[in-house]
Amino acid sequence: MSGSAHATLNLAAVARNLARVRGFAPAAKVMAVIKADAYGHGLVRIARSLPDADAFAVARLDEGLALRQAGIAQRIAVLQGFANARELVAHAQHGLEPIIHAPRQIDLLEQTPLPAPLAVWAKLDSGMHRLGLLPEEFDACMARLHACPAVSKPIPVMTHLANADMLQDPLTERQLAVFGQALDGLRPERGIGNSAGLMAWTGTRVEWVRPGIMLYGVSPFPYRTGPDDGLEPVMTFRTRLIAIKQLRAGDAVGYGGDWICPHPTRLGVAAVGYGDGYPRHAQPGTPVLVRGQRVPLIGRVSMDMITLDLTDCPAAQVEDEVILWGEDLPVEEVARHAATIPYDLLCGITPRVQRIEIGPRSRDPNPTT
Ligand SMILES: Cc1ncc(COP(=O)(O)O)c(C=O)c1O
């Protein structure tokens with residue numbers, strides 16, 4: 001077991017979380033979202049843990065190429081698609097399915113010779129106003145795609161929801177209506193539900209769902225946790241106590257001396273900091289687990305260390321394990337204390353943090369970062 005900051009990954013939980021997705025949307029095919037290094041869990045590792053996923057989604061061409069290089073054979077959709085002819089040809093050469101979100105990409109499809117028709121996904125901007133064809137240009141774009149010999153048919157159509165985690169927000173129903181109207185007359189395979197969508201909005205459970213965060217055992221909803229929603233956290237972020245000392249009331253702790261001990265304090269120093277991806281903005285009071293007990297962060301987070309108040313944990317000793325999030329300490333809770341979202345924390349774990357696979361299946365015996 002590593003002595004400094006490391007993340008254990010329970011890969012068996014990934015497959016169980018996929019089963020949970022299928023429980024919500026039994027008739028849908030699942031496009032597992034594994035962009036951004038599978039939300040910090042390791043792109044290829046997570047792809048290999050999901051042999052039953054019907055397809056994968058990555059953000060960028062490079063991520064798709066890395067999957068193909070690793071021998072991943074499932075369908076792979078590239079959410080940002082291509083921006084030039086070179087990238088378009090690379091999609092075609094490696095069997096990657098670009099998302100068509102702008103008319104400019106259709107120009108490139110019409111102009112670029114390809115060895116065989118390419119499977120693509122069209123994306124409608126139904127109201128998020130990020131990527132996607134606008135409703136007013138959608139019919140003309142679909143007509144061009146259908147007429148384009150470089151594109152294989154039929155063409156599935158997706159959209160992305162902006163506020164599905166906000167259960168009272170009317171935007172999701174409006175987006176579903178805009179999507180339905182745009183598809184009037186077409187009968188494509190559709191893809192809608194992200195994690196929050198497929199869990200909370202039945203109208204998003206169409207032919208394809210596209211979950212990300214729930215596969216990693218984390219809830220997409222504010223003020224809920226993965227286990228609340230029947231999900232199992234995959235990552236547990238851990239380190240060790242490297243020093244303990246007794247301070248007096250009035251002593252200042254750490255950079256800036258922001259934390260003044262309000263009482264005699266048993267101070268613990270743990271080997272993790274923002275250089276590992278522990279959030280620098282975690283506030284005093286952010287919980288960590290020592291010997292299974294919650295103890296509070298005090299003082300500022302530094303690059304390689306955090307400081308803890310161990311006064312109420314008298315048994316704690318140097319070398320004791322410290323859990324920063326994961327098992328028994330939801331990352332959702334830590335994110336709230338750092339004024340951010342769990343996605344940000346999971347993606348933010350840095351390369352120096354060793355990832356260690358646990359659970360029954362481990363294809364790569366060497367832990368990798
Ligand atoms: C287009 C698209 N679809 C699906 C997802 C998955 O979302 P979630 O992780 O909330 O399930 C994302 C994530 O950002 C996305 O950008």
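Residues numbered from 1 in each chain as written. Predicted model: local features only at pLDDT ≥ 70, side-chain atom pairs only at ≥ 80, totals over all residues. Heavy atoms only, no water.

> What am I meant to see in empty space enclosed by the protein here?
Over the atoms rolls a probe the size of a water molecule, and its path tells where empty space is left. Inspection of the entire model under this criterion finds one cavity of 30 Å³ or more. By volume, the largest cavity is sized at about 70 Å³. Looking at the lining of the largest cavity residue by residue, the classes come out as ten nonpolar, three polar and one charged. (1 Å grid on protein atoms, 1.4 Å probe; cavity = no way out; pocket = protein on both sides within 12 Å on 5 of 7 lines; lining within 4 Å. Points joined across faces, edges and corners; volume = space filled by probe spheres on them. Nonpolar A, V, L, I, M, F, W, Y, C, P; charged D, E, K, R; others polar.)

> Sorry if this is basic, but what is going on with the packing of aromatic side chains here?
Ring pairs (aromatic) are described by centroid distance and by the angle formed between their planes. Tallied over the entire structure, the rule returns five aromatic pairs. When the centroid spacing of 5.4 Å and the interplanar angle of 80° are considered together, the rings of tryptophan 121 and tryptophan 208 count as edge-to-face. Highlighted residues: tryptophan 121 in strand E6 (residues 121-124) and tryptophan 208 in strand E9 (residues 208-209), separated in sequence by 87 residues. Residue tryptophan 121 shares its accessibility class with tryptophan 208, and that shared class is buried. Feature note: the residues Tyr39, Tyr216 and Tyr343 constitute an aromatic cluster, connected by ring pairs. (Phe/Tyr/Trp six-rings, centres within 6.5 Å; stacked < 30°, edge-to-face > 60°. Helix = DSSP H or I, 4+ residues; strand = E, 2+ residues; numbered from the N terminus. Buried < 20%, exposed > 50% of the residue type's maximum accessible area, 1.4 Å probe, protein only.)

> I'm lost on the UniProt feature "modified residue: N6-(pyridoxal phosphate)lysine" (unreviewed entry) in the protein chain in this one. Help?
Feature annotation in UniProt places "modified residue: N6-(pyridoxal phosphate)lysine" (unreviewed entry) on Lys35, given in this structure's numbering. Inspection of the secondary structure puts lysine 35 in helix H2 (residues 35-40). (UniProt positions renumbered as here; feature names shortened; annotations may be inferred.)

> Can you help me understand the layout of surface pockets in this one?
As a volume, the largest pocket reaches approximately 930 Å³. As for the largest pocket, its lining consists of 37 residues, of which Tyr39, His160, Asn194, Ile341 and Tyr343 are closest to the centre. Counting residues per element, the ones that place at least two in the lining of the largest pocket are H2, helix H9 (195-200), helix H10 (331-337) and helix H11 (342-347). Both of domain 1 (11-216) and domain 2 (235-358) provide at least three residues apiece to the lining of the largest pocket. (Domains from an automatic or database assignment.)

> Is there a simple way to explain the site of the ligand in this structure?
Neighbouring residues of the ligand: 14 residues in total, closest Tyr39, Ser195, Gly212, Ile213 and Tyr343. In this structure, arginine 130 approaches the ligand through a side-chain N or O atom, which is 3.3 Å from an oxygen atom. With respect to the ligand, the backbone of isoleucine 213 contributes an N or O atom lying 2.8 Å from an oxygen atom. Here the ligand, which alone exposes 390 Å², has 91% of that area covered by the protein. (Near = heavy atom within 4 Å. Polar contact = N/O pair within 3.5 Å; in protein donor to acceptor, adjacent residues only side chain to side chain. Areas by Shrake-Rupley, 256 points an atom, 1.4 Å probe, with all protein chains shown as cover.)

> In this structure, what is going on with the environment of valine 318? I would like to understand it.
Among the structural elements, valine 318 can be located in the loop between strand E16 (306-309) and strand E17 (321-325). Under the relative-accessibility criterion, valine 318 is labelled partly exposed at 41%. It is 8.3 Å that separates the C-alpha atoms of valine 318 and glycine 268, two residues lying 50 residues apart in sequence. Setting aside residues up to four positions removed in sequence, valine 318 forms contacts with Leu241, Ile242, Ala243 and Ile244. (Contact = heavy atoms within 4.5 Å.)

> Could you clarify how one ought to interpret the domain arrangement of the protein chain in this entry?
It is common to give the size of an interface as the accessible area lost on bringing the parts into contact. Domain annotation for the protein chain reports domain 1 (11-216) and domain 2 (235-358). Taking only C-alpha atoms, the centre of domain 1 and the centre of domain 2 are 37 Å apart. Tallying the contact residues gives seven residues for domain 1 and seven residues for domain 2. Broken down residue by residue, the surface that domain 1 buries against domain 2 is led by Tyr39, Arg45 and Ile213, which jointly contribute 49%. Run the count over domain 1 and domain 2 and you get one salt bridge. Counting across the domain 1 and domain 2 interface gives three residue pairs in polar contact (both at pLDDT 80 or more). Looking at which element gives the most residues to the side of domain 1 that touches domain 2, the answer is H2, with three residues. Its residues assigned to classes, the side of domain 1 that touches domain 2 comprises four nonpolar, two polar and one charged. (Buried area = accessible area lost by both parts, 1.4 Å probe. Salt bridge = Lys/Arg side-chain N within 4 Å of Asp/Glu carboxyl O.)

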